[in-house]
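Summary of structural features
What follows is each chain in one-letter form.
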Amino acid sequence: MQYQTESWGSYKMNSIGFGGLGMVADTGLLRIESLAAESAVVIFSVSTCCMCHAVKGLFRGMGVSPAVHELDLHPYGGDIQRALIRLLGCSGSSSPGSLPVVFIGGKLVGAMDRVMASHINGSLVPLLKDAGALWL
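The protein is annotated in an unreviewed UniProt entry as Glutaredoxin domain-containing protein from Arabidopsis lyrata subsp. lyrata. Per UniProt, the protein carries the Sequence similarities (unreviewed entry) text "Belongs to the glutaredoxin family. CC-type subfamily." For the protein, the Subcellular location (unreviewed entry) comment in UniProt is given as "Cytoplasm".

**A closer look at the side chain of Lys56**
Along the chain, Lys56 falls in helix α2 (residues 50-61). The class for Lys56 is buried, based on a relative accessible area of 8%. Looking at Lys56, its side chain comes within polar contact range of the side chain of Ser45, at 3.4 Å. When near neighbours in sequence (up to four residues on either side) are disregarded, Lys56 contacts Ile43, Ser45, Val68 and Glu70.

**Observations regarding the packing of aromatic side chains**
Taken as a whole and judged by the stated rule, the model has 1 aromatic pair. Judged by centre distance (5.8 Å) and plane angle (80 degrees), the rings of Phe44 and Phe103 are edge-to-face. Remark: Phe103 occurs in strand β3 (residues 101-104) and Phe44 occurs in strand β1 (residues 41-45); sequence separation between them is 59 residues. Judged on exposure class, the residue Phe44 and its partner Phe103 are both buried. One residue, Arg31, lies across the ring of Tyr76, its end atom 3.4 Å from the ring centre.

**Quick look at unusual backbone geometry**
Omega for the bond connecting Leu99 with Pro100 falls within 30 degrees of zero, at 5 degrees, which places this linkage in the cis form. Structurally, Pro100 is set in the loop between α3 (77-88) and β3.

**Focus on the pattern of salt bridges**
Any two side chains of opposite charge can pair, on the condition that their charged atoms come close. Within the structure shown, the criterion is met by 3 salt bridges. The salt bridge partner of Asp79 is Arg31, with a shortest N-O separation of 3.9 Å. One end of the pair, Asp79, is in helix α3; the other, Arg31, is in helix α1 (residues 22-36), with 48 residues separating them in the sequence. Overall, Asp79 belongs to the buried group, its relative accessible area being 19%. Of the charged contacts, one joins Asp79 and Arg82 as a salt bridge, the two residues approaching to 2.6 Å between their closest N and O atoms. Here Arg82 and Asp79 lie together in helix α3, a separation of 3 residues that amounts to about one turn. On the basis of relative accessibility, which here comes to 43%, the residue Arg82 falls in the partly exposed class. Counted as one network, the salt bridges with shared partners bring together Arg31, Asp79 and Arg82.

Definitions and cut-offs
- Each residue is numbered by its place in its chain's sequence as written, counting from 1.
- Predicted model: local features are reported for residues with pLDDT of at least 70 only, side-chain atom pairs are reported and counted for 80 or more only, and whole-chain, interface and lining totals are derived from all residues.
- Here the side-chain values reflect all heavy atoms present in the structure, with hydrogen atoms and water set aside.
- UniProt positions are given in the numbering used here, feature names are shortened, and annotations may be inferred rather than shown by experiment.
- Numbered from the N terminus, helices here are DSSP runs of H or I no shorter than four residues, and strands are runs of E no shorter than two.
- Think of it in three bands: with a 1.4 Å probe and only protein chains considered, a residue is buried below 20% of the maximum accessible area for its type, exposed above 50%, and partly exposed in between.
- Polar contacts, as counted here, are pairs of nitrogen or oxygen atoms within 3.5 Å of one another; within protein the pair requires one atom able to donate a hydrogen and one able to accept it, and residues that are adjacent in sequence qualify only if both atoms are side-chain atoms.
- Contact definition: two residues touch when any of their heavy atoms are within 4.5 Å.
- Put simply, two rings from Phe, Tyr or Trp (the six-membered ring, in Trp's case) pair if the centres are within 6.5 Å, and we call them stacked under 30 degrees between planes, edge-to-face over 60, tilted for the rest.
- Should the NZ of a Lys or the CZ of an Arg lie within 6 Å of a ring centre and within 35 degrees of the ring normal, that charge is described as sitting over the ring.
- When a carboxyl oxygen of Asp or Glu is within 4 Å of a side-chain nitrogen of Lys or Arg, the pair counts as a salt bridge.

Next comes the structure, spelled out in structure tokens:
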């Protein structure tokens, strides 16, 4: 099974029904969009999360230098995390798989499960090459 990444354009704020989240979700999405575009690989993480540590280690072990945003240390981390959870379709901040969240080339790859599946099936390296994050 091969996972396809989806472009950020398919996640524009107007196409997502946030219901009661209102401006907080909109602000979080704007921040995600801006941060996800700043580097070829962007990881939204929590500094004390073992899965976040593992995915950062995976990319660094491949020779990739991701931009890492530790949401527990970021001034708007709560807003960003809530928007990420909504993008992933998770039910809450304690949902398994909600963090880390990875963007490659400005495209949402997903949480740890999607990143690892892409790595195992061989589609991660081409994504990294296409984004200019890896020169093999």
